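Fold and contact review
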Amino acid sequence: MRIRSACKNDGNELMRMRNRLLALHQIGNDLSTVESFDDLCRQAVVFGCQILECKRVSLWFRRGNSMVAGGSFGMDESGKARDERARLITLNRAAPMGEVLADKRRLLIQQDCVLRNDKGEEVGRGMHAIAALWNGSRVIGCICIDNLLDRRIFSAEDLDILCMYAALIGHLAFGKKTADELKKSVKEKEILLREIQHRVKNNLQVISSLLNLQAAYIRDPHDAELFRQTQARIKSMAKAYDAFRPPEGAREINMHNYITGIIHDLFQFYQVDPSSIVMRWEGGHESFSLSQAIPCSLIVNELVMNALKHGFQQGQAGGGQPKGELLISVQRREGSIAITIANNGVPFPDKVDVNHPHSLGLQLVNALVSQLNGTLSMDNTRGTRFTVTFPEKIDGGA
């Protein structure tokens, strides 16, 4: 009978341990899905009370390699969850928690010790166990349990589960904390980038305003026109920083909105009657990175400005047509992008070599095409059609 009873007890203990290990596995799965480090710690304390079968659990995390530990979450002396993130303690290496954090011991058990509250005040005496939170290479904190509220004596099985739970929390906490710090760093860089972009845009607007004021004192029409063209170029660049306000996670500019906005500004700049020249867009709402969008917008700005100045006569199209048409096309073609700027106005002169021009505008266009690692071609058989083709990715970037 005694042998049977012993076998039965052993079987019950094995079944109980099996169930606790299965529960530990499920808890690990649940904790791996939480969003942040703080959420992980909050849930880890709640789950810890369940799997460790005790009412007081707390987590502490080491600050770097120092002997300073910061609180996280825990259960207070009445068994309620408590936020202890504002608490810091400096530990002596000879103290129990100090021994664990200094990696002298992975598990420390005190049979009869003073138990304290979050203010360091004595609230009773009892059994206390501390296990190291280990991330695989070093101790990053510890998990503490005691029997103040239930006076239950921890068994060897309880302590085995505590060590396994500590190893699980250590790995998960390290991963979540690293991820949170990375997200914070990215967020800070995004804020800094937006601030820089805002300042650049403001500076470009100031320069444009200064050019506008200076142009008022210029008597020569040719010189005044040069100032106006430069002002239009600067406005085109400033508009890129206005357009570069992407939603969370995006890093690109919608070219349809951006380019049509630039052309609208040019129509106003040159006082073009919208009913005399129709703008037509071909292609989808493609998005470009800022490094692509600015040179592309300046190319469009130069070629549209040229069409408005020289291609159309008093808002009329070439060939006796009653209305001018301006075509903008942006197409992706198997790893490359083609931008077409065409108009049905007076054709570009045949004698002009677009790849070796003398005018400042076309020289600027060629420089911008080179910046995109692209090519420029022109067809003036029916009006004027410029096509800029460049790789979808520039120098390995987006």
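Residue indices begin from 1 for each chain and proceed along its sequence in written order. Local features in a predicted model are, by the rule used here, given only for residues with pLDDT of at least 70; side-chain atom pairs are given and counted only at 80 or more, and totals for whole chains, interfaces and linings are based on all residues. To obtain the side-chain values, all non-hydrogen atoms of the structure were used and water was disregarded.

**Focus: the overall build of the protein**
Helix and strand content of the protein: 8 helices and 14 strands. Here's how the labels work: a residue is buried when its accessible area is under 20% of the maximum for its type, exposed when over 50%, partly exposed in between, all with a 1.4 Å probe on protein chains only. Of all 398 residues assigned to the protein, the portion counted as buried reaches 44%. Only heavy atoms enter the contact rule, under which two residues are in contact if any of them lie within 4.5 Å. Of the contacts made within the protein by residues no fewer than 6 positions apart, 63% connect residues no fewer than 24 positions apart. All accessible-area figures derive from a Shrake-Rupley calculation using a 1.4 Å probe, and residue coverage is judged against the displayed protein chains alone. Accessible area of the protein: about 21,500 Å², with a carbon and sulfur share of 54%. Numbering goes from the N terminus for both helices and strands, where a helix is a DSSP run of H or I of at least four residues and a strand is a run of E of at least two.

**Focus on the environment of Q363**
Mapping Q363 onto the fold places it in helix α8 (residues 360-371). In this view, Q363 contacts P357 and H358; residues no more than four positions away in its chain are not counted.

**Let's talk about a nonpolar patch on the surface**
Among the surface-exposed residues, V206, L210 and L213 lie close enough to one another that they form a single nonpolar patch of about 290 Å² accessible area. With respect to the helices and strands, L210 occurs in helix α4 (residues 156-215). Surface patches are defined over residues having more than 30% relative accessible area and no salt bridge, joining like charges when they lie within 9 Å and nonpolar side chains (Val, Leu, Ile, Met, Phe, Trp, Tyr) when within 5 Å. Every case where a carboxyl oxygen of Asp or Glu lies within 4 Å of a side-chain nitrogen of Lys or Arg is listed as a salt bridge.

**Thoughts on the sheet that holds strand β12 (residues 336-343)**
An order of β9-β11-β12-β14-β13 is seen for the 5 strands of this open sheet, with the pairing classed as mixed. Edge positions in the open sheet fall to β9 (277-282) and β13 (375-379), since each of these has one partner strand only. Taking the axes of each pair of neighbouring strands and ignoring which way they run, one obtains an average angle of 10° across the sheet. A pair of strands is considered paired only if DSSP assigns at least 2 bridges between the two. Bridge analysis of strand β11 (residues 324-333) against β12 gives 8 bridges, and the strand direction is antiparallel. Residue pairing in the sheet places I328 in a bridge with I341 of β12. Angular values range over 0 to 180 degrees, each being the angle between N-to-C directions of two axes fitted as lines to C-alpha atoms, with helices fitted over their stretch in contact.

**With respect to the nonpolar core**
What makes a nonpolar core is a set of buried Ala, Val, Leu, Ile, Met, Phe, Trp, Tyr and Cys residues whose side-chain atoms join them at distances within 4.5 Å. Counting 45 residues, the largest nonpolar core has F288, V304, L308 and I339 as the members making the most contacts within it. Mapped by element, the contributors of at least two residues to this core are α6 (255-269), β9, α7 (290-311), β11, β12, α8 and β14 (384-391). In contact with I339, other than residues within four places in its own chain, are F288, C296, V300, S329, V330, F386, T387, V388 and F390.

**Details of unusual backbone geometry**
Within the chain, E53 stands out as a residue other than glycine whose phi angle is a positive 55°. Checked against the element boundaries, E53 lands in the loop between α2 (37-52) and β1 (56-62). The backbone of R151 shows a phi angle near 60°, a positive value even though the residue is not glycine.

**Considerations on the layout of surface pockets**
In this model, the largest pocket occupies a volume close to 540 Å³. Top contributing element to the lining of the largest pocket by residue count: strand β5 (residues 107-116), with 5 residues. Gly counts as polar in this scheme, as do all residues outside two lists: the nonpolar Ala, Val, Leu, Ile, Met, Phe, Trp, Tyr, Cys and Pro, and the charged Asp, Glu, Lys and Arg. Among the residues making up the lining of the largest pocket, the classes are represented as 14 nonpolar, 5 polar and 7 charged. Taken as a whole, the second largest pocket encloses approximately 410 Å³ of empty space. Considering the residues around the second largest pocket, the lining is formed by 23 residues, among which N306, K309, H310, F348 and S359 are closest to the centre. Put simply, the parts of the chain that give the lining of the second largest pocket at least two residues each are α5 (221-243), α7, β12, α8 and β14. The dominant element in the lining of the second largest pocket, judged by the number of residues it contributes, is α7, at 8 residues. Cavity and pocket criteria rest on a 1 Å grid covering protein atoms alone: a 1.4 Å probe that fits but cannot get out defines a cavity, protein on both sides within 12 Å along at least 5 of 7 lines defines an open pocket, and an atom within 4 Å of a point defines a lining residue. Grid points are joined across faces, edges and corners, and a volume is the space filled by probe spheres set on the points.

**Side note on the environment of A94**
As for its placement among the helices and strands, A94 is situated in the loop between β4 (88-90) and α3 (96-101). Residue A94 is classed as exposed on the basis of its relative accessible area of 60%. Sequence spacing of A94 and K104 is 10 residues, and the spatial spacing of their C-alpha atoms is 9.7 Å.

**Remarks on the pairing of β5**
When β5 meets strand β6 (residues 122-134), the two strands line up antiparallel, connected through 8 bridges. In the sheet register, C113 faces β6, and the bridge partner there is G126. Between β5 and the antiparallel strand that follows it, β6, lie 5 residues; G120 among them carries a positive phi value of about 85°.

All quantities given are derived from atomic positions and should not be read as evidence of function.
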